[in-house]
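# Working through the structure, step by step
Here are the chains, one letter per residue:
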Amino acid sequence: MDQKEINQDYNSYQKEDHDTWALLLKRHKALYKNCVSKEYVNGFNKLRLHESRIVRISEINERLEALSGWNLIPVTGLIPTRDFFYLIVNKKYPVTIFLRKPHEIDFSEQPDLFHDVCGHVPLLTNEKFVKFLTAFSIIALKYAANERAINLLGRLYWFTYEMGIINEENLRKPYGGAIITSAEEINNMNNKEVPIHPFDLDLIFQASFNPYKLQKEYFVIESFDDLFNCLENVETKLIEHLSLPDNDYTIRNYSLNTCIGKDFKNVIGFLNDVQYKFPKAISFVAGQPDEYFFDIENNISKFDRYVNHIVAKSGKSRKAVINGIGQYNKTKGIINDILAEYLKNDENINLTGDDIIVTVGAQEAFSIILSTVCNRATDVILVEDPSYIGVSSFAKVFDYNISGVRIDENGIDLKELKRKIIEINGSGKQVKLLYVIPDYQNPSGTCMPIGNRLMLLEFARQYNFLIIEDSVYNSFTYEQKKNPTLKSLDRNNKVIYVGSFSKSLFPGLRLGLIGANQRIENEAGDSVALIDEMAKIKAQLTNNTSTINQAILGGVLLDLNCSLSESSRPKFESYKRKRDQMISSLQKYIKVYEFDWACDIKWNEPNGGFFIKMSVPFVINNESVYESASEYNVIFCPMRNFYLQNGGENDLRLTFSNLSLDEIEKGIKQLSQYLKSKVIAKDISISSKKLDHRSLELPTTLTSRTD
Ligand SMILES: [Fe+2]
């Protein structure tokens, strides 16, 4: 049998690993007390797992062999479906020897020893349960080559082995391994809005599931006899369902870009889910512009202003001009000269219309720049860490090399940047791009002093890389004067400027721009305009940006003499009032010098932008968001979501841009109550008890699972 059986090299575990195990066990025991199946608890107690050091599989085997005749087989990771069932039939259970790292304490994307041993092994001591498991595996072996059958059997496996619930003395208690190792899932199970159906094979075969989300339904058995007894009918039912058309229209056995799931945090999806689930909670999450200042109908009416301008300029008829706008059009854009004038007026940036591409928001700009400049094999993109995820997510999904550079209160840490560049360039790869938000950075609110800006430009010259300047918050300053953009200081043409009108006008306009005046010597030795090379990529992505929307923006800008500064003043003043309200509310409800509980809480006071970073003396993760939303009606964003790998474990991001002054005060008051409760309780288990292992489970089939 071709599988990855190995020995558990016990000496390879470090002290850190044993500490992780001890913490996991401590939290697990606190979690399962009184709320999980007694059959599971009996099994768990029989195993007598060592709580302060990692279990030796050989030791568990001695006990397990005596108790039930089963043995655990150490494996390195995923094993083929057929091998898995073959092992089960032979009373062998594959257990991965890998243990998650401390930073994965709440969530490990890989199956690990803790999940396998604590989630599943206890029930291997239960005679009735293993009778079911063995008989199920015999059936599954018969169908191992049939993807659809395995998918259907996978549903039975999922709603029993992983998400099973049993009725014990009129109380519903989980026995499935995935639910037992996740407090969040247990809470979900106890939510009266989530249906728990009586165990029913037909229903289970029809029930789809998502292993990465909280379950939408569960199935409860009356005793483990129900499981074994159902197998009598399982093949008949299976064949019945296999002969039905696949009515969910899901295409299976057809994998997509694997980078989508790899190391790619669906931050926005998660936060949207929380907001949807707790609609009354005040949300400091979304960095949305204030809708009060949207002037959409008036903006749209400026389409005419643009048309009249072109009619006057070109001498063409109105109809011809309008039809021209409606036609396929220039890839680089149709309002480039107007945008060049706007950049000159508002940002002191000297570019011509030829140096500009009008893009579908800033996000398209990033994708064009990365795709034009970088080779996957040899080039590296550096980003501030933490940072807005637009660039890093694109790089991850399309498999570009990306690396983070830490930031401090002055933005990117220049010493660290230099060290990183030397390290990467010395390794045979080349740093080609650095992405920065110099002004009031998302998510940290930090701002780069002018001395650092000049030094950064010098680095770019010295180490021959280009800077992507995301200037989205540059205008949103709450000081007298805004900072000079990097591009306005760029004497060596090292900066690619990215602008957006989503914050300054409204996001639905979907307009941004790339400003790049570099010339690049290509492989043939010819000097080409970088912006024209980018236009070749843009042509492949979207052909050209909506010309109707460009005409609207063109008209808006023409109407305002190609400057948004004056007309935006009331908006900037309003954001400043909100920032002030945030700071004064924080000072009012979290008195760091008066309240003992508040003495280790810190926040910054940015002079612009939409974001405040807060540090607290306990761990902040996605579960903290759920807890705060459900118990205190306030939502924030864990800062860790903005880091490439690790970091920000004690930090959160607060956004105030689309809240009223009253909402801000109320939200901060509620936030302070949440923070106070956490600090006073100092009970780590409250924030960390929710061991979410759903990602360790079968995606849609039983394929390649060890558990
Ligand atoms: Fe599992």
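Not measured: the values here are computed from a predicted model. (Residues numbered from 1 in each chain as written. Predicted model: local features only at pLDDT ≥ 70, side-chain atom pairs only at ≥ 80, totals over all residues.)

In terms of domains, the protein chain is made up of domain 1 (1–125), domain 2 (147–249), domain 3 (267–287 + 569–688) and domain 4 (333–559). Distance from the C-alpha centre of domain 3 to the C-alpha centre of domain 4: 29 Å. Contacts between the two partners involve 21 residues from domain 3 and, on the opposite side, 20 residues from domain 4. Residue composition of the side of domain 3 that touches domain 4, grouped by class: 10 nonpolar, 7 polar and 4 charged. (Domains from an automatic or database assignment. Contact = placed C-beta atoms within 7 Å. Nonpolar A, V, L, I, M, F, W, Y, C, P; charged D, E, K, R; others polar.)

Moving on, we get to the pairing of strand β13 (residues 466–470). Among the 5 residues in β13, 5 count as buried, and that is most of the element. Burial along β13 is two-sided: L466, I468 and D470 facing one way and I467 and E469 facing the other are all buried. Two strands pair when backbone bridges link them, and strand β12 (residues 430–436) and β13 are joined in this way by 4 bridges, in the parallel orientation. Paired with L433 across the strands is L466, a residue of β13. With helix α20 (residues 450–463) bridging β12 and the parallel β13, this β-α-β connection has right-handed handedness. With 4 bridges connecting them, β13 and strand β14 (residues 495–500) associate as parallel partners. The residue bridging D470 from the neighbouring strand is V498, located in β14. (Buried ≥ 20, exposed ≤ 12 C-beta atoms within 10 Å, placed from the backbone. Helix = DSSP H or I, 4+ residues; strand = E, 2+ residues; numbered from the N terminus. Pairing = 2+ DSSP bridges. Right-handed = clockwise from strand over helix to strand, strands pointing away.)

On to the environment of L242, then. With respect to the secondary-structure elements, L242 resides in helix α11 (residues 224–242). Between the C-alpha atom of L242 and that of A149, which follows or precedes it by 93 residues, the distance is 6.8 Å. Ignoring sequence-local partners within four residues, the contact set of L242 consists of R148 and A149.

Further remarks concern the sheet that holds strand β22 (residues 651–655). Read from one edge to the other, the open sheet built from 4 strands follows the order β18-β19-β22-β21, with strand pairing classed as antiparallel. Two strands bound the open sheet, and with one partner strand each, they are β18 (602–603) and β21 (637–638).

Right, let's talk about the pairing of β22 for a bit. Here β22 lies mainly inside the structure; 5 of its 5 residues are buried. Residues of β22 alternate between two faces, with D651, R653 and T655 on one and L652 and L654 on the opposite face, all of them buried. As judged from the 5 bridges shared by strand β19 (residues 611–615) and β22, these two strands associate in the antiparallel manner. Within the sheet, the bridge partner assigned to S615 lies in β22 and is D651.

Moving on to helix α17 (residues 361–373). The terminal C-alpha atoms of α17 lie 19 Å apart, and with 13 residues this matches the ideal 18 Å at 1.5 Å per residue to within 8%. For α17, a buried count of 10 out of 13 residues is recorded, marking the element as mostly surrounded by other parts of the structure. Taken together, the buried positions of α17 are A362, E364, A365, F366, S367, I368, I369, L370, T372 and V373. (Expected span 1.5 Å × (residues − 1).)

Further remarks concern the environment of K666. Here K666 lies in helix α25 (residues 661–681). Taking C-alpha positions, K666 is 27 Å from Y388, a pair spaced 278 residues apart along the chain.

Take the sheet that holds strand β15 (residues 512–515) next. In spatial order, the strands read β8-β15-β14-β13-β12-β9-β10-β11; together these 8 strands make up an open sheet with mixed pairing. At either margin of the open sheet sits one strand with a lone partner, and together these are β8 (356–359) and β11 (411–412). Bridging between strand β9 (residues 379–385) and strand β10 (residues 401–408) involves 6 bridges; their strand directions are parallel. Directly across from L382, in β10, lies its bridge partner S403.

Attention now goes to the nonpolar core. Counting 118 residues, the largest nonpolar core has I369, I381, I467, I496, I514 and F636 as its most contacted members. At 7 residues, the largest contribution of residues to this core is made by α17. Composition of this core by domain shows at least three residues from each of domain 3 (267–287 + 569–688) and domain 4 (333–559). Dropping the residues within four chain positions of it, I514 is found in contact with I356, I357, T359, A365, I368, I369, I496, V498, I531 and M534. Of all hydrophobic cores here, the second largest spans 72 residues; its members include F129, V130, M163 and F219. (Core = buried A, V, L, I, M, F, W, Y, C linked by C-beta atoms within 7 Å.)

What follows is about unusual backbone geometry. For the peptide bond that leads from D385 to P386, omega is 10 degrees, which places it in the cis range. Locating P386 in the fold gives a position in the loop between β9 and α18 (389–397). N442 connects to P443 through a cis peptide bond whose omega is 20 degrees. Considering the arrangement of structural elements, one finds P443 in the loop between β12 and α20. You will see that N561, though not glycine, has its phi angle at about 55 degrees, which is positive. The exposure class of N561 is exposed, given the 11 C-beta atoms found within 10 Å.

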